[in-house]
Amino acid sequence: MRRRFASPDFAFKNKKEYLYTYFLLTGRSRRFIIWLNFQLKNKRLRQEQGGAGRGEEKTCEGVFNMKKLIASLLAAALLAAGLAGCGGAPASSGGAAASGAASASSGAADAGIAQQIVVARNKDAALVDPTQTSNATDLMTVAWNFEGLVFPANDGTAIEGALAESWDVSEDGLTYTFHLRDGLKFYNGDAVTAEDILYSLNRAIDPEKSIFAGFLTAIAGIECPDDTTVVVTLKAPTPDFLSNFTMPCCAIVQKDSGESGDYKDLVTCGPYYIADWVKDQYMLFKKNPNYYDPSKAVTEEIKVTVVADDSTRLMEFQNGDIDLMMSTPRNNLPQLSADSNYKVEAFDTVTVNYIGFNVEAEAVSSKEVRQALAYATNVDDLIVGANQGYAQRVTTFTDNLDVLRNTGLEGYTHDVEKAKSLLADAGYADGLTLTLSITSGNTTEAQIAAILKEQWAQAGVTLEVTQYDAATLTAMKKNGEYQVGLTNLGRTGPDSALALSFIVYNPITNGMYTGWQNDECESLYLASCSELDVEKRAEMWARMQEIELDEAPLIPTYVNQDVYAMHSNVSGVQYNLFLGILPYTMQKTV
């Protein structure tokens, strides 16, 4: 068990004194005292590993003052406790405010499995309607409590049955007949009926109700001869239909339960359901007692908390308030990996990271400028310096596992002189000043910004960095109110065409919010949607990748690994290439 109190060399005399203060203080005071002890502990470790370095004298003075401050807080806490004991303000009853990481029912404890696991991420879901979710955070949330007829295999190589245990395809490729499992129920105990299925799937293909309807236009009709059979008829043979049918928008919900937009009204049939949601604080998932496969829901409750700041999230994890930490700060991975109290697990992804440009902004409207910045970028430095090596370089806008990837493209190599030459050709021989907008509190983005600032300066580019909260920055990108940004895109299924259309087909997301549009790319994309010849379709996508690489609205950099830090008693973490972490067998021993 990890010690949860500071060394006697620091502010507290012993474990009892620390724990008393820890549980007495709440809210900001409690977090503040955790932060102080965290700083003191790191200070001691630095001293043990090599003594004072640059700026150490000032730090020592800060430590001395922090000791005084902690002592003052302790005195105030004791005074408050004395007043409460003498009939002052009533003591808090705890309740929902108690730490989820430590909670476990007596039954779960007897069985050796905690009733609840606490997972922390850096931002909350925007919404949980499967027909409206478009970002990774929302998709993960949807994957936990919704389920469709089919599901992409975790390794991305196949499509598996979900609510449907099997399906048949007609010889002409126009009719898909899905055979559902017997006895399917929603989490409220109601049976899944043909009416529910028709309601859900017709909602998914309705452009008035689903942002993904455009990816399902191949569907001509949907019928349910009975409660366990679904027949989908296509207008024409479509190469990526089954892959697109795994999208969360095709999840089955109870009829009419998705109209209000309130998560409380959505009745789902996935392995978990959302029991409580306090926006930007936490989301509580509870096991669906009626799920058809109990082995996919081991832990009774999973509490997903939101801790936007990387440093705070790390402190709460090390303090024991968090069992599993998503968006683990990359620079802390070596330290966490070396500590036997924790486990660090890395998972390959199909999420490609890019440096994106608003091509409608004058300074980066020229493709020569964008190409120059691509040559000025040393991707290897980004992989090592900002990701601790947990990433792989990409040479085109799709991932390295994609069968549609143009393997003949080598991408941009680091060439400062080439960058200078291109900038001169574009009229910036005397230099250029640009602004990079990143997410505040995101250490990886901050490190990328610092590396790019140094690299681009060698080519004569001054890079200014501005930080915004995630919601504000997303809105800015959608509105074209930026010059340079960092973005990423991951596939939603084994076939990548749907995801990559975000880049090459402007009407969907305005070229991933770059404002880029290319007529040849759009014509090739539309033609590829109905091309069944595998080689011809691959040739179309190869040409689209050539065009994008030359135009450079996005500079592909790397496919990162998702890295999760967890306490050593957490196990059973599964990862899906398209949906991220899955809760199925996740558990914590006690």
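Residues numbered from 1 in each chain as written. Predicted model: local features only at pLDDT ≥ 70, side-chain atom pairs only at ≥ 80, totals over all residues. Heavy atoms only, no water.

**Brief notes about the packing of aromatic side chains**
Under the definition given, this model contains 18 aromatic pairs. Taking the centre distance of 5.0 Å and the plane angle of 85° together, the rings of Tyr375 and Tyr412 count as edge-to-face. Of this pair, Tyr375 sits in helix α10 (residues 367-376) while Tyr412 sits in the loop between β14 (391-393) and α12 (416-425); the two residues are 37 residues apart in sequence, bridging distant segments of the chain. Under the relative-accessibility criterion, Tyr412 is labelled buried at 14%. (Phe/Tyr/Trp six-rings, centres within 6.5 Å; stacked < 30°, edge-to-face > 60°. Helix = DSSP H or I, 4+ residues; strand = E, 2+ residues; numbered from the N terminus. Buried < 20%, exposed > 50% of the residue type's maximum accessible area, 1.4 Å probe, protein only.)

**A word on the pattern of salt bridges**
Counted by the stated rule, this structure contains 12 salt bridges. Of the charged contacts, one joins Asp399 and Arg491 as a salt bridge, the two residues approaching to 2.8 Å between their closest N and O atoms. With a gap of 92 residues between them, Asp399 in the loop between β14 and α12 and Arg491 in the loop between β17 (484-490) and α15 (497-504) connect regions that are remote in the sequence. The residues Asp399 and Arg491 share a single accessibility class, namely buried. With its nearest N and O atoms 3.0 Å apart, the salt bridge here joins Arg537 to Asp495. With Arg537 in helix α18 (residues 534-551) and Asp495 in the loop between β17 and α15, the pair connects residues that are 42 residues apart, well separated along the chain. Assigned by exposure class, Arg537 and Asp495 land together as buried. (Salt bridge = Lys/Arg side-chain N within 4 Å of Asp/Glu carboxyl O.)

**A closer look at helix α16 (residues 506-513)**
Since one α-helical turn is 3.6 residues long, residues separated by three or four positions face the same way. Every buried residue belonging to α16 is among Asn506, Thr509, Gly511 and Met512, and all of these are buried. Buried residues in α16, looked at end-on, bunch into an arc of 165°, giving them a common side. Of the surrounding secondary structure, the elements contacted by the buried residues of α16 are β17, α15, α17 (519-528) and β18 (554-560). Two residues or fewer past α16, Gly515 is found with a positive phi of approximately 80°. (Arc of directions from axis to C-beta. Contact = heavy atoms within 4.5 Å.)

**Quick notes on empty space enclosed by the protein**
Unoccupied space between atoms shows up once a probe the size of one water molecule is rolled over them. The full count for this structure, using the stated rule, is 5 cavities of 30 Å³ or more. Taken together, 15 residues make up the lining of the largest cavity; nearest its centre are Gly148, Phe151, Thr246, Met247 and Pro248. Residue assignment for the lining of the largest cavity shows that the elements contributing at least two residues are α5 (136-145) and β2 (150-152). Take the lining of the largest cavity: its biggest share by element is 3 residues, from β2. (1 Å grid on protein atoms, 1.4 Å probe; cavity = no way out; pocket = protein on both sides within 12 Å on 5 of 7 lines; lining within 4 Å. Points joined across faces, edges and corners; volume = space filled by probe spheres on them.)

**Focus: the confidence of the model for the protein chain**
When pLDDT is averaged along the protein chain, the result is 83; 81% of the residues meet or exceed 70. Below a pLDDT of 50 lies the segment residues 1-36, which in the model reaches 68 contacts outside its immediate sequence neighbourhood of four places, other chains included. (pLDDT = per-residue confidence, 0-100.)

**Focus: the sheet that holds β14**
Spatially, β14-β18-β13-β17-β15-β16 is the arrangement adopted by the 6 strands of the open sheet, whose pairing is mixed. The two strands at the open ends of the sheet, each matched to only one other strand, are β14 and β16 (461-468). Averaged over all pairs of adjacent strands, the angle between their axes in this sheet comes to 35°, without regard to strand direction. Alignment of strand β13 (residues 351-357) against β18, held across 5 bridges, turns out to be antiparallel. (Pairing = 2+ DSSP bridges. Axes fitted to C-alpha atoms, helices over the stretch in contact; angles between N-to-C directions.)

**Quick look at the nonpolar core**
Side chains of nonpolar character tend, in soluble globular proteins, to be buried together. Of all hydrophobic cores here, the largest spans 59 residues; its most connected members are Leu149, Phe178, Val230 and Phe245. With 6 residues, α15 is the largest single contributor of residues to this core. Sequence-distant contacts of Phe178, that is, excluding residues within four places in its chain, are made with Leu149, Val150, Ala164, Ser166, Trp167, Thr228, Thr229, Val230, Val232, Leu242 and Phe245. (Core = buried A, V, L, I, M, F, W, Y, C linked by side-chain atoms within 4.5 Å.)

**What about the sheet that holds strand β4 (residues 164-169)?**
Overall, antiparallel pairing links the 4 strands, which are arranged β4-β5-β7-β6 in an open sheet. Because the sheet does not close on itself, it has two edges, and the strands there are β4 and β6 (219-226). Neighbour-to-neighbour, the strand axes of this sheet turn through a mean angle of 20°, independent of strand direction. Of the pairings in the sheet, the one linking β4 to strand β5 (residues 175-180) comprises 5 bridges and is antiparallel in character. Within β5, the position partnered with Ser166 by the bridge is His179. Contacting β5, β6 and β7 (229-234), helix α6 (residues 194-204) crosses the sheet at an angle of about 170° to β6.

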